Amino acid sequence: MSLLLPKQLSGVTAAFMDNILVETEEEEKHDEIVEKVLRRMEENDLYVKLEKFVWKVREINFLELVMRSGGIKMQEEKVAGVLE
């Protein structure tokens, strides 16, 4: 998947297997980048599964991590046994 994304998007997009994350500071820029990613996917006969699609969130669970603008942390339920 990462091979399909243009080089100019490499700083704001991350691809892992069949997942693509887009991170930006400005909402307008975010919309532009998502549009470019979706266009690129369409050009290569790829599609988005609506049940996996999440739009404009401040926090996301990805690969058992919680990712947000303040940083990355482990999911609390994954480390609860260690903390208790």
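Residues numbered from 1 in each chain as written. Predicted model: local features only at pLDDT ≥ 70, side-chain atom pairs only at ≥ 80, totals over all residues. Heavy atoms only, no water.

So, about helix H1 (residues 27–43). The end-to-end C-alpha distance of H1, which contains 17 residues, comes to 24 Å, matching closely the 24 Å that a straight helix rising 1.5 Å per residue would cover. Those residues of H1 that fall on the buried side of the exposure criterion are His30, Ile33, Val34, Val37 and Met41. An end-on view of H1 places all buried positions within 100 degrees of arc, on one side of the element. Along H1, the residues that are exposed and aim more than 90 degrees away from the buried face are Glu28, Glu42 and Glu43. Note on H1: the residue one or two positions beyond its end, aspartate 45, has a positive phi of about 55 degrees. (Helix = DSSP H or I, 4+ residues; strand = E, 2+ residues; numbered from the N terminus. Expected span 1.5 Å × (residues − 1). Buried < 20%, exposed > 50% of the residue type's maximum accessible area, 1.4 Å probe, protein only. Arc of directions from axis to C-beta.)

So, about the confidence of the model for the chain. Interpreting fine coordinate detail is not advised for predicted regions of low pLDDT. Chain-level pLDDT for the chain is 77 on average; 85% of the residues reach the 70-or-more range. Taken element by element, the chain is modelled with least confidence in strand S1 (residues 13–16), mean pLDDT 71, and with most confidence in H1, mean pLDDT 85. (pLDDT = per-residue confidence, 0-100.)

It is worth spelling out a nonpolar patch on the surface at this point. Taken together, Leu38, Val48, Leu50, Phe53 and Trp55 make up a surface patch of nonpolar side chains, about 470 Å² in accessible area. By the secondary structure assignment, valine 48 is in the loop between H1 and strand S3 (59–62). (Patch = residues over 30% accessible without salt bridge, like charges linked within 9 Å, V, L, I, M, F, W, Y side chains within 5 Å. Areas by Shrake-Rupley, 256 points an atom, 1.4 Å probe, with all protein chains shown as cover. Salt bridge = Lys/Arg side-chain N within 4 Å of Asp/Glu carboxyl O.)

The final tally for this structure, using the stated rule, is one aromatic pair. With 5.8 Å between their ring centres and 20 degrees between their planes, phenylalanine 53 and tryptophan 55 make a pair best called stacked. (Phe/Tyr/Trp six-rings, centres within 6.5 Å; stacked < 30°, edge-to-face > 60°.)

For the rest of this paragraph, the subject is a negative patch on the surface. Residues Glu23, Glu25, Glu26, Glu28 and Glu32 make up a contiguous surface patch of negative charge. The class for glutamate 26 is partly exposed, based on a relative accessible area of 48%. (Lys, Arg positive; Asp, Glu negative; His and termini not counted. Charge placed at Lys NZ, Arg CZ, Asp CG, Glu CD.)

Here we come to the sheet that holds strand S4 (residues 65–68). Either a parallel or an antiparallel arrangement is found when strands of a sheet pair, and the pairing is made through backbone hydrogen bonds. Sheet architecture is open: three strands sit in the order S3-S4-S5, paired in antiparallel fashion. In the strand order of this sheet, the two ends are held by S3 and strand S5 (71–74), each with one partner. Going across the sheet, the axis of each strand differs from the next one's by a mean of 25 degrees, ignoring polarity. (Pairing = 2+ DSSP bridges. Axes fitted to C-alpha atoms, helices over the stretch in contact; angles between N-to-C directions.)

Turning our attention to the environment of phenylalanine 62. For phenylalanine 62, the location among the structural elements is in strand S3. Measuring from C-alpha to C-alpha, the distance between phenylalanine 62 and methionine 74 comes to 9.8 Å, with twelve residues separating the pair along the chain. With residues up to four places along the chain from it excluded, the contact list for phenylalanine 62 reads Phe16, Asn19, Leu21 and Met67. (Contact = heavy atoms within 4.5 Å.)

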